[in-house]
Amino acid sequence: MSSESQVQLVNGRYLDDGVTTGASKVPKRKRTYHHKVRTGCLTCKIRRVRCDEEKPACKRCTSTGRTCDGYLNTKPVLVARDSSNDLSAKRRVSPDLQYATSATYAGRGPGMAPESVGGDARLLLPKLDPSELRSYRYYVEVVGPSLSGFFDADFWLVEVLRVCHSDASIWHAIVSLGATYECQRDPKALSSLSRFALQQFNSAIHCLMEPNSPRHADRGRALTVSTIFAGISSIQGQHKQAAMHVEGGCKMLQELEGDELNPVTKNNQNLKKTLTELESLPIAIAPMRNILMKIDLMHKALQHGGVAGVMPTSQVMKNSIFRVWRSYEAPQPSKGVHSTLTPEDIIMASRAGESLMNGLVFAMQQQVEDMAQLMLGQGDRRNEIHRINVSQRPHARAYKELKKALAVFEHELNKEHCGSARASRTALRNGTTPLKMFLAICRMIFLTDPEEPDPVKRAMNYPNLCHEIIADAETVWSMDDTYIDMGGRSIPLTPKSTILDALFMVAIGGSSIRVRRRAAARMRSMHTKPEGLFHTVMAANLADLVTTREIAAYQTWLRQQRLKQSEASEDGSGASDQEPPDIGEIDEDTSVPPPHRLRNMSMDFPGTKKARVRLQTWREYAAGEPGVFLMMDW
């Protein structure tokens, strides 16, 4: 990108904002005014370009090697399924039903105004069915907000809502996702909702594969549906199916990105491309890439015991959730009584905080051999600590920058004039809670606490840190949803999908058995309102399984030590100066010693909501033992 050009990213596309030459700036060229028309072909409507309206196929499409999808009837009629058994019978929809879809946008933060949807959304909507509308509304009001975090809100809250009204396959996929998600909250309706979700899932596939469809070969819509299907399978606990959808989506994504290097050809002639295929897709690629890679990484981590080693580092770093922290810089405090704090400032810091947490986890997994020496009390402890601390210096820099940002936010929030119509002072203050939670988790992961380098004092403060993370997660859970409009994008200020990671970190690495069980219990209580793509009960059961396994491993070691003591007493060699504690003395307020803590956890999924889990402690790893295999369901 030229340094002379100031470029702005708008709706997934780069727009030139003028050219700087020396000290002067040439204003951008004004576009010629055109009256807005609604009679162009479907392909040009999706690409948002002016159609020349040639029949039967416009030259704007055919000259660039694209397929013209044809034209809508100039006076389309909205139809719905009749309640009679004759599905071919059609009737006009009443005005109340006709505008039911647009009504879902009116009172909800994540929703978009109907006029922001490409074309006339109400006229392009597939045949209306009350059950479909109900699940669609449930998606808009519950599912989209629940799935959305700082990195994928564009897809769940904006993109799919914009395109599902003009594409039957995406519509049915979203309706299926809404019904699937509701199944997790309402066990009484599980049977009927499951059947309906499956029917909608199959309808989405049928519409996607329909050979007579003018968009049959559109890889963009197939990629969108694959992303939604991957989410559906993950929520259902069908991890093998989710992996298949992710693999298909990633393959299409690679093909789309690879084709960007090749020219469009027709009749052995290269054609000049006015827009590349990626640029002309009706939905942004970046959030889909993040979602697919996040699901892929999670499944690989569950199957192989971590992300490191199962995917090249360069590929992992393509995902924003692992790299945003590297370039973050804190804003400067404002002067005077008027605060300049904006929701964007807080959202960008929270994105960096979540990314730093993920980056630290990935880095620690890459240093498993160095960690083994520390956990087992072997090797040169000082040298191992120094090596890991050096590798974490970039993370420590980012942590300090985020702490600086948090201090700036507190400074601004205490000013007399803070907040606006977009976000009140209370909303802004609430928005800093996820950032505090991420920073506390980072302190857990750092080998040397950036705020308390003394290991003794750190150990004393560690229980308070764990309770602080749980308290922050509970605070976010209890907050009302707040959404901020960022350039036409609705972004959550306090996304509840961030809670699961925080609680899971405490549940497997907390200061005591009691606090770990408390975090797991809090996750389990979220089952009536699941957040994110992974089942909260699965995460809670897995955390409890890890805790129980570590206690059992510690007790086994104690029995072995007692047996050695007994044998030594019987043969006259005497007991050691320090005897191991009684087996029954392990209480909830103690912590399992490091050698008996979990080193590796891997899972395979023989069925829906069933898993075979392998758990290996650090001591078992050192002895070359595979660990134990346990079954788990949820």
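Residues numbered from 1 in each chain as written. Predicted model: local features only at pLDDT ≥ 70, side-chain atom pairs only at ≥ 80, totals over all residues. Heavy atoms only, no water.

**Q** Break down the overall build of the protein for me, with residues and values.
**A** Of regular secondary structure, the protein possesses 25 helices and twelve strands. Buried positions account for 48% of the 634 residues belonging to the protein. (Helix = DSSP H or I, 4+ residues; strand = E, 2+ residues; numbered from the N terminus. Buried < 20%, exposed > 50% of the residue type's maximum accessible area, 1.4 Å probe, protein only.)

**Q** Any chance you could break down helix α8 (residues 168-185) for me, citing the residues and the numbers?
**A** Over its 18 residues, α8 runs 26 Å from end to end, which matches the ideal 26 Å to within 8%, given 1.5 Å per residue. Burial analysis of α8 places 16 of its 18 residues in the buried class, which makes it a mostly covered element. (Expected span 1.5 Å × (residues − 1).)

**Q** Hey, could you go over the pattern of salt bridges for me, with residue numbers and the actual values?
**A** Under the criterion given, the structure shown has 22 salt bridges. Between E451 and K403 there is a salt bridge whose closest N-O contact spans 3.3 Å. With E451 in the loop between α20 (425-445) and α21 (455-478) and K403 in helix α19 (residues 393-413), this residue pair connects regions lying 48 residues apart in the sequence. Put simply, R597 and E550 hold a salt bridge, and the shortest N to O gap is 3.1 Å. With R597 in the loop between α24 (536-570) and β10 (598-607) and E550 in helix α24, this residue pair connects regions lying 47 residues apart in the sequence. A residue is classified by how much of its surface remains accessible, and R597, at 13% relative accessible area, is buried. For E550, a relative accessible area of 1% translates into the label buried. (Salt bridge = Lys/Arg side-chain N within 4 Å of Asp/Glu carboxyl O.)

**Q** An account of the sheet that holds β10 is requested, with residue identities and associated values reported.
**A** A sheet is described by the order of its strands in space; here three strands give the open sequence β10-β11-β12, paired in antiparallel fashion. The open sheet has two free edges, formed respectively by β10 and β12 (628-633), since each of these has just one partner strand. Ignoring which end each strand starts from, the neighbouring axes of this sheet average 25° apart. As defined by bridge partners, strand β11 (residues 610-617) adjoins β12 across six bridges and the pair is classed as antiparallel. Note on β12: the bridge partner recorded for A611 is M632. (Pairing = 2+ DSSP bridges. Axes fitted to C-alpha atoms, helices over the stretch in contact; angles between N-to-C directions.)

**Q** Account for the pairing of strand β9 (residues 489-492), naming residues and giving values.
**A** By the alternation rule, side chains of β9 split into R489 and I491 and S490 and P492, which are all buried. Note that strand β8 (residues 483-486) and β9 share four bridges and pair antiparallel. Note on β9: the bridge partner recorded for I484 is I491.

**Q** Residues and numbers for the environment of L356, please.
**A** One can find L356 in helix α16 (residues 343-366). Accessibility expressed as a relative area gives 0% for L356, which makes it buried. A C-alpha to C-alpha distance of 7.7 Å links L356 and Y399, two positions 43 residues apart in sequence. Setting aside residues up to four positions removed in sequence, L356 forms contacts with W325, H395, A398, Y399, L402 and C442. (Contact = heavy atoms within 4.5 Å.)

**Q** Report on the packing of α21 against helix α23 (residues 513-524), specifying residues and quantitative values.
**A** Two elements in contact, α21 and α23, have axes separated by 10 Å at closest approach and are oriented at 15°. One element, α21, and the other, α23, form an angle in the roughly parallel class. α21 and α23 meet at a crossing whose hand is left-handed. Counted together, C466, H467, I470, E474 and W477 of α21 and V515, R518, A519 and R522 of α23 form the full contact between these two elements. (Parallel < 35°, antiparallel > 145°, perpendicular 65-115°, else oblique. Left-handed = near helix turned anticlockwise from the far one by under 90°.)

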